[in-house]
Amino acid sequence: MRQTRIGIIMHGVTGRMGMNQHLIRSVLAIREQGGVALKDGSFLVPDIIIVGRNAEKVEALAKRHGIERWTDDLDTALANPDDTLFFDAASTKLRPALLRKAIDAGKDVYCEKPVSESLEEAVEIAKYAKEKGVKNGIVHDKLDLPGLAKLKRLRDSGFFGRILNVKGDFGYWVFEGDWMPAQRPSWNYRAADGGGIISDMLCHWRYVLDNIVAPVKSVSCLGATHIPERWDENDQAYEATADDAAYATFQLEGGIVAQINSSWCTRVRRDDLVTFQIDGTHGSAVAGLHKCWSQHRVNTPKPVWNPDQPQTMNFFEDWEEVPDNQVFDNGFKVQWEQFLRHVAEDGPWNYTLVEGAKGVQLAEAGCQSWEERRWIDLPELEI
């Protein structure tokens, strides 16, 4: 088996997302399987160096997972011509400057979202990558989840007929941190540190709606800070200044209406932590992260409104589960393989930093809508 090395600088992977989804379940998993299969029959094998500001944390992570190369000196790592790809999963605040530095060093770049805190910065870095001719990508993990992949399969088959609306419900109860430790980091709830569910989640909803349903044209959003006080990782009380819930309505191309609630202040009584329902003239479907159920118009029950009698119909029984029909790998790993093929042999890749800028555009428009209490249209980005 012929193998080709690709050197990857992985920055910010001591955090939860970067470590679990990108380092362990994606890049190390690709390495363990022997690499990414290329068209010529060879395999592209990642050779990684992990980089972070805390040398002790980075060294411990490297030793725990058998990673030979690590450093707390990003400039030295970027100066190595043998490592040609830079990945960032650290702070959104620092990301544009880090990407620019990596691009200046001649690296292809791949990063988590949001790509920046402001649309202006997002557009600038997308333009810069384009001008410098480096290959670039933004993480779009939800699209490769089995449940959403099945929704797209239904749409592509014409199952829905004319799509009418989309209903999304995302979130769970994040503990305040006083009597039960919080399961999200405290910076998520401080506006000065880049926190807030609108900036965190609307960038996801942009690529989900654009790619699985139809392009987003405008947004009306109401944010809220329902829990005003939380406790941090050191058990210290702090003021929560960022939004912890967002209630958004979107107008999509073709007159489709989408409504998505995002909240860290809700208790779950649904199939998954996020669910999407698409209703069309010919059928409807509901998907979570992994499973998807459909109901065609010929199988649609005919309930009659009667508030004076207990409901006798079991509405869940009228839905049919959409089968897997294929093996679904980890969504983050799937996109890593796609991007590595793009870098190595110019394989197909649509999720550039331009798409990252679109996500920031929607989040920024959501915040503007909340502040001004009105609908905000999304113009085409000139990049």
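Please refer to the structure higher up on the page.
Residues numbered from 1 in each chain as written. Predicted model: local features only at pLDDT ≥ 70, side-chain atom pairs only at ≥ 80, totals over all residues. Heavy atoms only, no water.

### As for a negative patch on the surface
Together, Glu120, Glu121, Glu124 and Glu364 line one region of the surface with negative charge. Inspection of the secondary structure puts glutamate 120 in helix α5 (residues 119-132). (Patch = residues over 30% accessible without salt bridge, like charges linked within 9 Å, V, L, I, M, F, W, Y side chains within 5 Å. Areas by Shrake-Rupley, 256 points an atom, 1.4 Å probe, with all protein chains shown as cover. Salt bridge = Lys/Arg side-chain N within 4 Å of Asp/Glu carboxyl O. Lys, Arg positive; Asp, Glu negative; His and termini not counted. Charge placed at Lys NZ, Arg CZ, Asp CG, Glu CD. Helix = DSSP H or I, 4+ residues; strand = E, 2+ residues; numbered from the N terminus.)

### Some details on helix α1 (residues 16-32)
Across its 17 residues, α1 extends only 21 Å between first and last C-alpha, which sits more than 12% below the 24 Å expected from 1.5 Å per residue. The sharpest bend along α1 measures roughly 40° and falls at leucine 23. Gly18, Met19, Gln21, His22, Leu23, Ser26, Val27, Leu28, Ala29 and Ile30 are the residues of α1 that are buried. Where the residues of α1 are buried, they touch β1 (3-11), β2 (36-37), β3 (43-51), α2 (55-64), β5 (83-88) and α8 (331-345). (Expected span 1.5 Å × (residues − 1). Bend = angle between axes of the 7 residues up to and from the residue. Buried < 20%, exposed > 50% of the residue type's maximum accessible area, 1.4 Å probe, protein only. Contact = heavy atoms within 4.5 Å.)

### Looking at the state of the cysteines
Enumeration over the complete set of coordinates arrives at zero disulfides. In this model cysteine 221 remains outside any disulfide bridge; the closest cysteine sulfur is found in cysteine 367, 7.1 Å from its own. Here cysteine 221 falls in the buried class, since its relative accessible area comes to 5%. (Disulfide = S-S within 2.5 Å.)

### Let's talk about the packing of helix α6 (residues 146-157) against helix α7 (residues 197-213)
As a packed pair, α6 and α7 sit with axes 9 Å apart at the nearest point and diverge in direction by 35°. Contact residues: Leu148, Leu151, Lys152 and Arg155 in α6; Val208, Asn211, Ile212 and Val213 in α7. Looking at the contact of α6 with α7 residue by residue, the classes come out as five nonpolar, one polar and two charged. (Axes fitted to C-alpha atoms, helices over the stretch in contact; angles between N-to-C directions. Nonpolar A, V, L, I, M, F, W, Y, C, P; charged D, E, K, R; others polar.)

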